[in-house]
Amino acid sequence: MHFRNALFCYTGCLLIPNNPCLWLTRYLRAGTSIGANIEEATGGFSRRDFAAKCSIAYKEARESHYWLRLLRDTHCLEPRLAESLIQDADELKRILAAILISSSRQTDSK
């Protein structure tokens, strides 16, 4: 929830005319996709459907992490803000990876 809220809050700060950080829209798309896929996973019809949506969310978290590093390294984000968002994205990646591992074990044992 914090990641999503921060995503919207801080991207508004970057929507400045003639801003060279065109990667912002890709970060926004990947970041919001995480929550959308988690939402779909919770309504999945099967364990396999749940795992598939979580897998997509994991990939989007990795992509968000990439774009945040790029935005930080090109000075499009203030360093402390970038580090905070990168930590959030990293935490999401770890949580989703743990869910995928657990889901895989449950599927394999059946």
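Before any of the text, the structure's been laid out above.
Values in this document were obtained by computation on a predicted structure and should not be read as measured data. (Residues numbered from 1 in each chain as written. Predicted model: local features only at pLDDT ≥ 70, side-chain atom pairs only at ≥ 80, totals over all residues. Heavy atoms only, no water.)

(A) Summary view of the side chain of asparagine 37. Within the fold, asparagine 37 resides in helix α2 (residues 24–42). Here asparagine 37 is in contact with Lys53, Ile56 and Ala57, once residues within four sequence places are set aside. (Helix = DSSP H or I, 4+ residues; strand = E, 2+ residues; numbered from the N terminus. Contact = heavy atoms within 4.5 Å.)

(B) Representation of the pattern of salt bridges in the model. Under the counting rule described, the total for this entry stands at five salt bridges. Note that aspartate 90 is salt-bridged to lysine 93, the shortest N-O span being 3.7 Å. Taken together, the residues aspartate 90 and lysine 93, both in helix α4 (residues 79–108) and three residues apart, mark about one turn of the helix. (Salt bridge = Lys/Arg side-chain N within 4 Å of Asp/Glu carboxyl O.)

(C) Structural view of α2. Counted at 1.5 Å a residue, the expected span for α2 with its 19 residues is 27 Å, and the 28 Å between its end C-alpha atoms agrees. Taken together, the buried positions of α2 are occupied by Leu24, Tyr27, Ala30, Gly31, Ser33, Ile34, Asn37 and Ala41. (Expected span 1.5 Å × (residues − 1). Buried < 20%, exposed > 50% of the residue type's maximum accessible area, 1.4 Å probe, protein only.)

(D) Structural view of the packing of α2 against helix α3 (residues 47–73). Direction vectors running N to C along α2 and α3 enclose 160°, while the axes themselves pass 8 Å from each other. What the angle tells us is that α2 and α3 run roughly antiparallel. Crossing of α2 against α3: the hand is left-handed. Along the contact surface, α2 presents Leu24, Arg26, Tyr27, Ala30, Gly31, Ser33, Ile34, Asn37, Ile38, Glu40, Ala41 and Thr42, while α3 presents Phe50, Lys53, Cys54, Ile56, Ala57, Glu60, Ala61, Glu63, Ser64, Trp67, Leu68 and Leu71. Classifying every residue of the contact of α2 with α3 by side-chain character gives 14 nonpolar, five polar and five charged. (Axes fitted to C-alpha atoms, helices over the stretch in contact; angles between N-to-C directions. Parallel < 35°, antiparallel > 145°, perpendicular 65-115°, else oblique. Left-handed = near helix turned anticlockwise from the far one by under 90°. Nonpolar A, V, L, I, M, F, W, Y, C, P; charged D, E, K, R; others polar.)

(E) Main features of the side chain of glutamate 60. Examined against the element boundaries, glutamate 60 turns out to sit in helix α3. Buried charge without a salt bridge: glutamate 60, with arginine 29 as the nearest opposite-charge side chain at an N-O distance of 6.2 Å. (Lys, Arg positive; Asp, Glu negative; His and termini not counted.)

(F) How the structure looks around the packing of aromatic side chains. Applying the stated criterion to the full structure yields one aromatic pair. Judged by centre distance (4.9 Å) and plane angle (70°), the ring pair of tyrosine 66 and tryptophan 67 falls under edge-to-face. Here tyrosine 66 falls in the partly exposed class, since its relative accessible area comes to 41%. For tryptophan 67, a relative accessible area of 9% corresponds to the buried category. (Phe/Tyr/Trp six-rings, centres within 6.5 Å; stacked < 30°, edge-to-face > 60°.)

(G) How the structure looks around α3. Here α3 contains 27 residues, and its C-alpha end-to-end distance of 39 Å stays within 8% of the 39 Å for a straight helix at 1.5 Å per residue. Immediately downstream of α3, the backbone of histidine 75 shows phi near 65°, a positive value.

(H) Local environment of the nonpolar core. Grouped together as the largest cluster of nonpolar side chains are twelve residues: Leu24, Tyr27, Trp67, Leu68, Leu71, Cys76, Leu77, Leu81, Ala82, Leu85, Ile86 and Ala89. Of all elements in the fold, only α2, α3 and α4 reach the threshold of two or more residues within this core. Here this core gets five residues from one element, more than from any other, and that element is α4. Grouped together as the second largest cluster of nonpolar side chains are five residues, Ile34, Ala61, Leu92 and Leu96 included. (Core = buried A, V, L, I, M, F, W, Y, C linked by side-chain atoms within 4.5 Å.)

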